[in-house]
Amino acid sequence: MEITLKKLEGNGLYVKAVGKLDIDTSAEYGMRIKDAIDDINELVLDFAEITYVASIGLRVLLELYQQMSKQGSIKLINVQEPVLNVLKMTGFNKFLSIS
């Protein structure tokens, strides 16, 4: 999985990844982001090129949400329809900001 992290103005972090968020990629995705969010108050996850999210990927999103709810906000942008359907079915759309 290709993961790009970019600091935003202020204390924000933009993350873009390409591929699937599954058993093979979720650990690296989560670790890379968790290592970079200590002083971040806005986390933007660009899901334009995330084509699939497995349950382990949902766990990573939940952990990121829990961390960011203590120090700021988290937002998912450019979420594709199949991934959005998974987020809706699991109720993640009720606590994650998704656009």
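Residues numbered from 1 in each chain as written. Predicted model: local features only at pLDDT ≥ 70, side-chain atom pairs only at ≥ 80, totals over all residues. Heavy atoms only, no water.

Trainee: Go over helix H2 (residues 55–71) with me, naming the residues and quoting the values.
Mentor: Between its first and last C-alpha, H2 extends 25 Å over 17 residues, near the 24 Å set by a 1.5 Å rise per residue. Looking only at H2, the buried set comprises Gly57, Leu58, Val60, Leu61, Leu64 and Met68. Taken around the axis of H2, the buried residues stretch over an arc of 155 degrees, which confines them to a single face. Turned more than 90 degrees away from the buried face of H2 sit Ser55, Arg59 and Lys70, all of them exposed. (Helix = DSSP H or I, 4+ residues; strand = E, 2+ residues; numbered from the N terminus. Expected span 1.5 Å × (residues − 1). Buried < 20%, exposed > 50% of the residue type's maximum accessible area, 1.4 Å probe, protein only. Arc of directions from axis to C-beta.)

Trainee: Give a detailed account of helix H1 (residues 26–34), specifying residues and quantitative values.
Mentor: Among all positions in H1, only Ser26, Tyr29, Gly30 and Ile33 are buried. Axial view of H1: buried residues confined to an arc of 90 degrees, hence all on one face. Every exposed residue of H1 that faces more than 90 degrees away from the buried side is listed here: Ala27 and Met31. On its buried side, H1 packs onto strand E1 (2–8), strand E2 (12–21), strand E3 (42–53) and H2. (Contact = heavy atoms within 4.5 Å.)

Trainee: Pulling in residues and values, what's your account of the packing of aromatic side chains?
Mentor: Per the counting criterion, the structure on display carries two aromatic pairs. Judged by centre distance (4.7 Å) and plane angle (55 degrees), the ring pair of Tyr65 and Phe95 falls under tilted. Here Phe95 lies in the loop between helix H3 (81–89) and strand E5 (97–98) and Tyr65 lies in helix H2, a separation of 30 residues in the sequence. Judged by relative accessible area, which is 30%, Phe95 ranks as partly exposed. These aromatic residues form a ring-pair network of at least three members: Tyr65, Phe92 and Phe95. (Phe/Tyr/Trp six-rings, centres within 6.5 Å; stacked < 30°, edge-to-face > 60°.)

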